[in-house]
Amino acid sequence: QVQLEESGGGLVQAGGSLRLSCAASGRTFSNYRIGWFRQAPGKEREFVATISRNGGSTIYTDSVKGRFTISRDNAKNTVSLQMDSLKPEDTAVYYCAASSKYLRATFPSTYDYWGRGTQVTVSS
């Protein structure tokens, strides 16, 4: 069992930045791949970014490439999502999630544990 808690959401103007954090407790953090997903009102939950267990590889959805950076610190049991050059279409509830699996890293169904989410609102 892993417990996850997101923080760092808020309101920001277009072009601004936010840094989201995901803090984990429970079983060994480094055993899990961590992903960030987001969900806007009326839309399906969308993959944003994921990072491998040792932090050696990352995957981003096309719409955030070059703007968002995912990182992890296994010693502190945390994962961060640095979001720069934010756009109104980035507005959503952002969730972090942990996976014990080794396939389909961009699929929500792959992830075993989820945080409750944090709201990100980008105004124009």
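Each value, and the rule that gives it
Residues numbered from 1 in each chain as written. Predicted model: local features only at pLDDT ≥ 70, side-chain atom pairs only at ≥ 80, totals over all residues. Heavy atoms only, no water. Salt bridge = Lys/Arg side-chain N within 4 Å of Asp/Glu carboxyl O. Buried < 20%, exposed > 50% of the residue type's maximum accessible area, 1.4 Å probe, protein only. Core = buried A, V, L, I, M, F, W, Y, C linked by side-chain atoms within 4.5 Å. Helix = DSSP H or I, 4+ residues; strand = E, 2+ residues; numbered from the N terminus. Contact = heavy atoms within 4.5 Å. Disulfide = S-S within 2.5 Å. Phe/Tyr/Trp six-rings, centres within 6.5 Å; stacked < 30°, edge-to-face > 60°.

To continue, consider the pattern of salt bridges. Counted under the stated rule, the structure contains 6 salt bridges. For Glu46, the salt bridge is made with Arg38, and the minimal N-O distance between the two is 2.9 Å. Arg38 gets classed as buried once you look at its relative accessible area, which sits at 6%. For the salt bridge of Lys76 with Asp73, the shortest nitrogen-to-oxygen distance reads 3.7 Å. For Lys76, a relative accessible area of 61% puts it in the exposed group. In this structure Asp73 comes out as partly exposed when scored by relative accessible area, which is 29%.

Moving on: the nonpolar core. Ranked by internal contacts, the top residues of the largest apolar core, which has 29 residues, are Trp36, Val48, Phe68, Ile70, Leu81, Met83 and Tyr94. Elements that contribute at least two residues to this core include exactly strand S1 (2-7), strand S3 (18-26), strand S4 (33-39), strand S5 (46-51), strand S7 (68-73), strand S8 (78-83), strand S9 (92-99) and strand S11 (118-123). Beyond its immediate chain neighbours, meaning those up to four positions away, Met83 contacts Gly16, Ser17, Leu18, Leu20, Arg67, Phe68, Tyr94 and Val120. The next biggest cluster of nonpolar side chains, apart from the first, holds 5 residues, and it includes Phe37, Phe47, Ala97 and Tyr111.

Across all of its chains, the model carries 1 disulfide by this definition. The partner cysteine of Cys22 in its disulfide is Cys96, sulfur to sulfur 2.1 Å. The S-S bond linking Cys22 to Cys96 shows a torsion near 65°; that makes this disulfide right-handed. One end of the pair, Cys22, is in strand S3; the other, Cys96, is in strand S9, with 74 residues separating them in the sequence.

This brings us to the packing of aromatic side chains. Evaluation of the coordinates by the stated rule reveals 6 aromatic pairs. Ring geometry for Phe37 and Phe47: centres 5.8 Å apart, planes at 70°, overall edge-to-face. One end of the pair, Phe37, is in strand S4; the other, Phe47, is in strand S5, with 10 residues separating them in the sequence. Like Phe47, Phe37 is buried.

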